[in-house]
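Working through the structure, step by step
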Amino acid sequence: MKKLTLVMAIAATGVMAGCVSKTAYESNPVQIETPKGTVTCQLYTRDRVQWDESIAVPAGMTKAEGDAYCIQEGHRQYRSAHSNVRTISGS
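Below is a summary of the structure that appears in this document. (Residues numbered from 1 in each chain as written. Predicted model: local features only at pLDDT ≥ 70, side-chain atom pairs only at ≥ 80, totals over all residues. Heavy atoms only, no water.)

Thoughts on the pattern of salt bridges
Taken as a whole, this structure holds 4 salt bridges when the rule is applied. Two residues, Glu-65 and Lys-36, come together in a salt bridge whose shortest N-O distance is 3.0 Å. Placement of Glu-65 in helix α2 (residues 63-83) and of Lys-36 in the loop between β1 (30-34) and β2 (37-42) is noted, with a sequence separation of 29 residues between them. For Glu-65, a relative accessible area of 30% puts it in the partly exposed group. The class of Lys-36 is partly exposed, set by a relative accessible area of 45%. A salt bridge links Glu-73 to Arg-76; the nearest nitrogen and oxygen atoms lie 2.8 Å apart. (Salt bridge = Lys/Arg side-chain N within 4 Å of Asp/Glu carboxyl O. Helix = DSSP H or I, 4+ residues; strand = E, 2+ residues; numbered from the N terminus. Buried < 20%, exposed > 50% of the residue type's maximum accessible area, 1.4 Å probe, protein only.)

In structure tokens, the structure reads:
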């Protein structure tokens, strides 16, 4: 009986995880200047870089290229935020 309860709890958690809405993690749109023009990106929390995407790209640029710039910007912001973290060393 305990195994069945555990299996059901794990299954329920999996189902609920699939229901997460990305909109809860959105930042304000960010504009990035590229050699082909301005790309508008929808970035998410700094730990969700894999979701970052372009929402507007200039003429002559594919969505995939725009997405690559946005992911690159997400990584840049992640590194910037984490490079400012200081640790306290014990004596």
